[in-house]
Amino acid sequence: MKPKLVVKIITDIAMTAALLLLMTYGLIGEAAHEWIGVAMFVLFVVHHILNSHWNRNLFKGKYTLVRSFQTILVTLVLLSMLGSMFSGVILSRHVFSSITIRGWRSLARNLHMISAYWGFVLMSLHLGMHWNMMMGMARKLVQRKSIARTRVLRTIAILIAGYGIYAFIRRGIGRYMLMLDHFVYFDFDEPILFFIADYVAVMGLFVFVGHYLITFSRKELSRK
């Protein structure tokens, strides 16, 4: 496997882990949340540098429905990342504590919440839309394909997505996305692994949605 591809895989895995940890804000503390947020932004920049060919071809070629959807999704992910970082700097009490911007904290708090939760869902969808490519890389590593294993993995994916619907409702993620609740509730008696497990399931749900959305769209286009 080429070194650049290895770096891409490591970067994407690190971004996924950072994204999950960022959602545990109230359980890991402000300082850790801020440093992970900075690491996430750096990884996001590295990710775009490693995929610079996509940016160079942005205004080239024909835009199909699938490509248009992917471009819109990437743009929304970028906006959510910028919103999280900008509001995070204003709210910072540790990493950027020397930067003082008065009168914006209330707006920044709302922007940070909506950027974080929409960003979580959008990045999960984005991950799902590239799932086939990642599975292709994984198959190259194991150098074999098993029909039985594929069926087992699909069954597991369906179960995770099913539980993800329950976790999405239970954790009130939709309410945070729509700003129906302005403060995030954390149960400090709950083991952090349980919290992360629920968010992994929610991520799995939107990876599942993103994957099959792009799969069915491509099949419909191929029929025309």
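Structure: see above.
Residues numbered from 1 in each chain as written. Predicted model: local features only at pLDDT ≥ 70, side-chain atom pairs only at ≥ 80, totals over all residues. Heavy atoms only, no water.

*Asks:* Help me understand the pattern of salt bridges, please; the structure alone is not making it clear to me.
*Replies:* Side chains carrying opposite charge are able to pair once their charged atoms draw close together. A full pass over the atoms with the stated rule returns five salt bridges. As a salt-bridge pair, R93 and E30 come within 3.6 Å of each other at their nearest N and O atoms. Placement of the pair is R93 in the loop between α5 (65-91) and α6 (105-129) and E30 in helix α3 (residues 30-50), with a sequence separation of 63 residues. Across the pair R170 and D198 runs a salt bridge whose closest N-O atoms are separated by 2.6 Å. Of the two residues, R170 is situated in helix α8 (residues 147-170) and D198 in helix α10 (residues 192-223); the sequence distance between them amounts to 28 residues. Judged by its relative accessible area of 2%, D198 falls in the buried class. Because the salt bridges share partners, they merge into one network encompassing R170, R171, E190 and D198. (Salt bridge = Lys/Arg side-chain N within 4 Å of Asp/Glu carboxyl O. Helix = DSSP H or I, 4+ residues; strand = E, 2+ residues; numbered from the N terminus. Buried < 20%, exposed > 50% of the residue type's maximum accessible area, 1.4 Å probe, protein only.)

*Asks:* Please explain the environment of A17 as it appears in this structure.
*Replies:* Here A17 is to be found in helix α1 (residues 3-22). Distance in space between the C-alpha atoms of A17 and H182 is 25 Å, their sequence separation being 165 residues.

*Asks:* Sorry if this is basic, but what is going on with the nonpolar core here?
*Replies:* In a soluble, globular protein the nonpolar side chains are often hidden away together inside. With 39 residues, the main nonpolar core has M40, Y117, F120, I173, Y199, V202 and F206 as its most contacted residues. Of all the secondary structure elements, the ones that give two or more residues to this core are α1, α3, α5, α6, α8, α9 (173-177) and α10. (Core = buried A, V, L, I, M, F, W, Y, C linked by side-chain atoms within 4.5 Å.)

*Asks:* Whenever I open this one, a nonpolar patch on the surface confuses me. Can you help?
*Replies:* Side chains of I72, L76, L78, L79 and L82 sit close together on the surface and give an oily, nonpolar patch of about 440 Å² of accessible area. Inspection of the secondary structure assignment puts L76 in helix α5. (Patch = residues over 30% accessible without salt bridge, like charges linked within 9 Å, V, L, I, M, F, W, Y side chains within 5 Å. Areas by Shrake-Rupley, 256 points an atom, 1.4 Å probe, with all protein chains shown as cover.)

*Asks:* Even after reading the chapter, I still don't get α8, so can you show me in this structure?
*Replies:* Every α-helix winds through 3.6 residues per turn, so residues three or four apart in the chain are directed the same way. Taking 1.5 Å per residue, 24 residues should reach 34 Å; α8 reaches 35 Å between its end C-alpha atoms and fits that length. Looking one or two residues past α8, G172 carries a phi angle of roughly 65 degrees, positive in sign. (Expected span 1.5 Å × (residues − 1).)

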